Amino acid sequence: MEVNAVGVIGAGIMGSGIAQICAVSGRQVVLVDTSDAAVARGMAGISGTLDRAVGKGLLDAPGKAAALARISGTTDYQRLAQCDLVIEAATENEAIKLQVLKQVDEVLRPEAIIATNTSSISITRLAAATSRPERVIGMHFFNPVPLMALVELIRGLQTSDRTHETAEILALAIGKTPVAVGNSPGFAVNRILCPMINEAIFVLQEGLAKAKDIDDGMKLGCSHPIGPLALADLIGLDTLLAVMDTLHQGFNDPKYRPAPLLREMVDAGRLGRKSGRGFYEY
């Protein structure tokens, strides 16, 4: 199945990034969010990111204009009706995602595919909420989407071979490298990454080292391009907490227990870059 028209649900950091790379690759994109203001913010963010790409010589001005012209922002789910594939990039909350997937399922053509950008929630469980579970797959992008090369492709129990093949072809067409992983809490990358970040938060919480020293230690000692606490701020502490809660509940193993400091910071609204303050101030 050829994917020429892509729908994206959620005009936040992840959704707008996904919409951008799909449009730059030549696909028509319908970007949906719950309010006109959210859609406008998403479109402004895409325009700004494309401006930076032009400034770096990665894209020319006509290319930017053409990409923006391919993106149609809306609050109307009915506009998704002609999309070949829709990528859900809503908040990492299972109840919200289930509601979104049901709405998408109602308006899409029977042969269309639904992908979810969840970073930890069971694809099998999400797919079961639709009338087309064999045409539901996880496409987990990484932040910032325009720069990060990886996409995890996660099959639910019901996902068909054709659905997986279509998602793989799309990932390659938009310049990403797909890897196939199983449907397990946190999938592959986040199951490794998020507990590492969580342990760095425990180190900070216990007063063993300051935030900058923890990050410098991991950058200089392990050759990480960014420290774990700065990365947590980039990901969003609320998203990190949601992943750790999913791992903790999914495996029923105390090694995945979220650091109390992480939960307290989320309760305080210190979510990282998105709120202007996390382990660092922005």
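Quantities reported herein were computed from a predicted structural model and do not represent experimental measurements.

Procedures and definitions
Residues numbered from 1 in each chain as written. Predicted model: local features only at pLDDT ≥ 70, side-chain atom pairs only at ≥ 80, totals over all residues. Heavy atoms only, no water. UniProt positions renumbered as here; feature names shortened; annotations may be inferred. Helix = DSSP H or I, 4+ residues; strand = E, 2+ residues; numbered from the N terminus. Core = buried A, V, L, I, M, F, W, Y, C linked by side-chain atoms within 4.5 Å. Buried < 20%, exposed > 50% of the residue type's maximum accessible area, 1.4 Å probe, protein only. Contact = heavy atoms within 4.5 Å. Axes fitted to C-alpha atoms, helices over the stretch in contact; angles between N-to-C directions. Parallel < 35°, antiparallel > 145°, perpendicular 65-115°, else oblique. Nonpolar A, V, L, I, M, F, W, Y, C, P; charged D, E, K, R; others polar. Domains from an automatic or database assignment. Buried area = accessible area lost by both parts, 1.4 Å probe. Salt bridge = Lys/Arg side-chain N within 4 Å of Asp/Glu carboxyl O. Polar contact = N/O pair within 3.5 Å; in protein donor to acceptor, adjacent residues only side chain to side chain. Left-handed = near helix turned anticlockwise from the far one by under 90°. Pairing = 2+ DSSP bridges.

A. Main features of the UniProt feature "domain: 3-hydroxyacyl-CoA dehydrogenase NAD binding" (unreviewed entry) in the chain. According to UniProt, the feature "domain: 3-hydroxyacyl-CoA dehydrogenase NAD binding" (unreviewed entry) maps to residues 6-183 in the numbering used here. In the segment residues 6-183, helix accounts for 41% and strand for 21%; the C-alpha atoms at its two ends are 24 Å apart.

B. Expanded view of the nonpolar core. With 33 residues, the main nonpolar core has I18, L31, M139 and F141 as its most contacted residues. For this core, the element with the highest residue contribution is helix α1 (residues 13-24), accounting for 6 residues. With residues near it in sequence (within four places) discarded, L31 still touches V8, G10, A11, G15, A19, V39, M43, I46, I71, S72, G73 and T74. Core analysis: the next-biggest nonpolar cluster, separate from the first, contains 24 residues, L229, L237, L262 and F279 among them.

C. Focus on the UniProt feature "domain: 3-hydroxyacyl-CoA dehydrogenase C-terminal" (unreviewed entry) in the chain. Per the UniProt record, "domain: 3-hydroxyacyl-CoA dehydrogenase C-terminal" (unreviewed entry) is annotated on residues 186-282. Annotated as 62% helix and 0% strand, the span residues 186-282 places its first and last C-alpha atoms 28 Å apart.

D. The arrangement of the packing of helix α7 (residues 189-205) against helix α10 (residues 237-251) in detail. Remark: α7 packs on α10, axes separated minimally by 10 Å, with the N-to-C direction vectors making an angle of 110°. Relative to α10, the element α7 lies roughly perpendicular. Note on element contacts: α10 touches α7 through L240, V243, M244, L247 and F251, opposite N190, R191, C194, P195, I197, N198 and I201. Of the residues belonging to the contact of α7 with α10, the class tally is 9 nonpolar, 2 polar and 1 charged.

E. The arrangement of the domain arrangement of the chain in detail. Entries for the chain in the domain assignment read domain 1 (5-182) and domain 2 (190-274). Of note, the centres of domain 1 and domain 2, computed from C-alpha atoms alone, are 26 Å apart. Each partner contributes to the interface: domain 1 provides 5 residues, whereas domain 2 provides 6 residues. For the domain 1 and domain 2 pair, buried surface summed over both sides reaches about 580 Å², with 56% attributable to carbon and sulfur atoms. In this structure, the connection of domain 1 to domain 2 is made through 0 salt bridges. Summed over the shared surface of domain 1 and domain 2, the result is 3 residue pairs in polar contact (both at pLDDT 80 or more). Residue composition of the side of domain 1 that touches domain 2, grouped by class: no nonpolar, 4 polar and 1 charged.

F. Seen up close, the packing of helix α2 (residues 36-55) against helix α3 (residues 61-69). One can describe the packing of α2 onto α3 by two numbers: an axis separation of 10 Å at closest approach and a directional angle of 160°. With respect to α3, the element α2 is oriented roughly antiparallel. At the point where α2 passes α3, the crossing takes the right-handed sense. Every residue of α3 that contacts α2 at M43, I46, S47, L50, D51 and V54 is listed here: A61, K64, A67 and L68. Of the residues contributing to the contact of α2 with α3, the split by class is 7 nonpolar, 1 polar and 2 charged.

G. Representation of the pairing of strand β6 (residues 136-141) within the structure. Where burial is concerned, most of β6 is hidden: 6 out of the 6 residues are buried. Side chains V136, G138 and H140 project from β6 onto one buried face, and the interleaved I137, M139 and F141 project onto a second face that is buried too. When strand β5 (residues 113-116) meets β6, the two strands line up parallel, connected through 3 bridges. Paired with T116 across the bridge in β6 is G138. Where β6 lies against strand β7 (residues 150-155), 5 bridges are found, and the strand directions are antiparallel. Residue pairing for β7: G138 is matched across the bridge by I154.

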